[in-house]
Amino acid sequence: MSGYVMRAAVLFAPREALKVVDVELAEPGPGEVRVRLAASGVCASDWHTMTGAIPSPTPSVLGHEGAGVVEEVGAGVRDVKPGDHVVLSWVPSCGRCRYCESGRPNLCSVAAPFLLAGTLVSGARRLSYQGQPLYHYSFLSTFAEAVVVDEACCIPVRPDVPLSVAALVGCAVMTGFGAVVNRARAEPGSTVIVYGAGGVGLSAVMAARLSGAQHVIAVDPVASKRALALEVGATHVADPGEDDPGEVVSSLTAGDGADVAIESAGRTELVAAAFAATRRGGTIVCVGIPAADATIVLPGPAMVRHEKIVTGSLYGSCRPRVDMPKILDLYASGRLPLDRLVSRTYGLDDINVAFDDMVAGKLARGVVEFSALGAP
Ligand SMILES: [Zn+2]
Ligand SMILES: [Zn+2]
């Protein structure tokens, strides 16, 4: 058992481009697992860290949406073995705290507070560049050919699904699907409006349709994303520059409003719009993470009189070992077209192009594929 040198994209400082360099990856310590990565999605959260909007320690290896094959396990690891296919979860739930015990492992009091601390759960770092330690990101650091992660981050999944699709379940899909299914608990016949049709929003659209929603309205300024939303389950779309999404919902519900609204863009004014577009007793789920100092302004009287539920959802309010395999079963049975989310794939050397494309609105999801394993 030993560490090795691999390629990784390093953020040396905020507001700089990522640099792909040789990085040392240490051997897995006790309770840790080394995973050879097949694919890593690029996510807006990484971008917000690159721009400095979400503060996170540097120099670091970003990336938190990955899947791959277990290569080596540290002492005491029992859940996975070399050769297992795994989705990487960015909340290494402890399984013992009050949140884990009460069925809300995404809020784990051991893991969740240290999400942006830049270390593994133990406080250790297993990455270095020219002998200097690098910080991890969201316990994972998937913009690299391999990772060393806590055992609790490894969610074993069926080996017959492409790892490029499985990777997306590690963040975007779980977040959007879980907001609808776990948090809002959308019911058959309901009306669901989804703000933002990127990887998270489109996953919410698919989940709403799968849940039997009668109307699914996707709101996005980018025409190609609206078109894709219609292909994966939206019944209606709205261009916020042209249409009033609230009017679209109103016309479909005899003036009543949506049962469920999902805000996936991280824009607080859209939370207010979602609140207005929702019927009495409806549920507004905030999924996109806004700027660090953002506040949400909502009408006070309606908050009381209309009994609306405004809630956040972290990581799709997921139980990773329950939800991630289930989602991939739904994909494998043809009921959740997750492969449609992959707009384009990139080599690691082109990772900055992937972010440029994301910021330009060209992608549902961009996925970095690693040549060492490729994607089956
Ligand atoms: Zn993400
Ligand atoms: Zn816990």
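The notes below deal with the structure included here. Quick caveat: nothing in here was measured; it's all calculated off a predicted structure.

## A closer look at a negative patch on the surface
Here comes step 1: A cluster of like negative charges, contributed by E242, D243, D244 and E247, occupies part of the molecular surface.
Here comes step 2: On the secondary structure map, D244 appears in the loop between β13 (236-238) and α7 (245-252).

## Notes on the coordination of the zinc ion (ligand 1)
Here comes step 1: The protein atoms donating to the zinc ion (ligand 1) are C43 (SG), H64 (NE2) and C171 (SG), with metal-donor distances spanning 2.0 to 2.2 Å.
Here comes step 2: For the zinc ion (ligand 1), all donor residues lie on one chain, and their spacing in sequence is C-x20-H-x106-C. Placement of H64 in the loop between β4 (60-61) and β5 (66-73) and of C171 in the loop between α3 (163-169) and α4 (172-184) is noted, with a sequence separation of 107 residues between them. Each member of the pair, H64 as well as C171, carries the same accessibility label: buried.

## Overview of the sheet that holds strand β1 (residues 4-11)
Here comes step 1: An order of β4-β1-β2-β7-β8 is seen for the 5 strands of this open sheet, with the pairing classed as antiparallel. The sheet is open, and its two borders are formed by β4 and β8 (132-134), each paired with just one other strand.
Here comes step 2: As defined by bridge partners, β1 adjoins strand β2 (residues 19-25) across 7 bridges and the pair is classed as antiparallel. Directly across from M6, in β2, lies its bridge partner V23.

## Concerning the packing of aromatic side chains
Here comes step 1: Counting across every chain of the model gives 4 aromatic pairs.
Here comes step 2: Aromatic pair W90 and Y315: ring centres 3.8 Å apart, planes at 5 degrees, arrangement stacked. One end of the pair, W90, is in the loop between β6 (85-88) and α2 (98-101); the other, Y315, is in the loop between β16 (309-312) and α10 (320-332), with 225 residues separating them in the sequence. Residues W90 and Y315 agree in their burial class; the two are buried.
Here comes step 3: Counting every residue linked through ring pairs, the aromatic cluster contains W47, F143 and F355.
Here comes step 4: Positioned over the ring face of Y135 is R125, at 4.0 Å from the centre of the ring.

## A closer look at helix α11 (residues 351-359)
Owing to its 3.6 residues per turn, the α-helix aligns residues three or four sequence positions apart on the same side.
Here comes step 1: Along α11, the residues that are buried comprise I351, A354, F355, D357 and M358. Projected onto a plane normal to the axis of α11, the buried residues spread over an arc of 160 degrees and lie on a single side.
Here comes step 2: Tucked into the core, α11 has its buried residues touching β1, β2, β3 (32-42), α1 (44-51), β17 (342-346) and β18 (365-369).
Here comes step 3: G361 lies just past α11 and shows a positive phi near 80 degrees.

## Description of the pairing of strand β12 (residues 215-219)
Here comes step 1: β12 sits mainly inside the fold: 5 of its 5 residues count as buried.
Here comes step 2: Strand direction decides the pairing type here: strand β11 (residues 191-195) and β12, joined by 5 bridges, are parallel. In the strand pairing of β12, Y195 is matched with V219.
Here comes step 3: Each parallel crossover has a hand, and the one from β11 via helix α5 (residues 199-210) to β12 is right-handed.
Here comes step 4: Judged from the 3 bridges that link them, β12 and β13 form a sheet pairing that is parallel. Each bridged residue has a counterpart across the sheet, and for I217 the counterpart in β13 is H236.

## Description of the environment of M303
Here comes step 1: Within the secondary structure, M303 is located in helix α9 (residues 300-305).
Here comes step 2: For M303, a relative accessible area of 35% corresponds to the partly exposed category.
Here comes step 3: Note: C-alpha distance between M303 and P14 (289 residues apart in sequence) is 39 Å.
Here comes step 4: The residues contacting M303, other than those within four sequence positions of it, are F275, L298, K308 and V310.

## Focus: the packing of α4 against α10
Here comes step 1: Their axes nearest at 11 Å, the elements α4 and α10 cross at an angle of 95 degrees. Taken together, the axis directions place α4 and α10 in an arrangement best described as roughly perpendicular. Contact with α4, carried on its side by V173, M174, F177 and N182, involves D323, M324, I327 and L330 of α10 and no other residues of that element.
Here comes step 2: Among the residues forming the contact of α4 with α10, the class breakdown is 6 nonpolar, 1 polar and 1 charged.

Definitions and limits used
- Residues numbered from 1 in each chain as written.
- Chains lettered and ligands numbered in written order.
- Predicted model: local features only at pLDDT ≥ 70, side-chain atom pairs only at ≥ 80, totals over all residues.
- Heavy atoms only, no water.
- Patch = residues over 30% accessible without salt bridge, like charges linked within 9 Å, V, L, I, M, F, W, Y side chains within 5 Å.
- Areas by Shrake-Rupley, 256 points an atom, 1.4 Å probe, with all protein chains shown as cover.
- Salt bridge = Lys/Arg side-chain N within 4 Å of Asp/Glu carboxyl O.
- Lys, Arg positive; Asp, Glu negative; His and termini not counted.
- Charge placed at Lys NZ, Arg CZ, Asp CG, Glu CD.
- Helix = DSSP H or I, 4+ residues; strand = E, 2+ residues; numbered from the N terminus.
- Donors = N, O, S within 2.8 Å, 3.2 Å for Na, K, Ca; no water.
- Buried < 20%, exposed > 50% of the residue type's maximum accessible area, 1.4 Å probe, protein only.
- Pairing = 2+ DSSP bridges.
- Phe/Tyr/Trp six-rings, centres within 6.5 Å; stacked < 30°, edge-to-face > 60°.
- Lys NZ or Arg CZ within 6 Å of the ring centre and 35° of its normal.
- Arc of directions from axis to C-beta.
- Contact = heavy atoms within 4.5 Å.
- Right-handed = clockwise from strand over helix to strand, strands pointing away.
- Axes fitted to C-alpha atoms, helices over the stretch in contact; angles between N-to-C directions.
- Parallel < 35°, antiparallel > 145°, perpendicular 65-115°, else oblique.
- Nonpolar A, V, L, I, M, F, W, Y, C, P; charged D, E, K, R; others polar.

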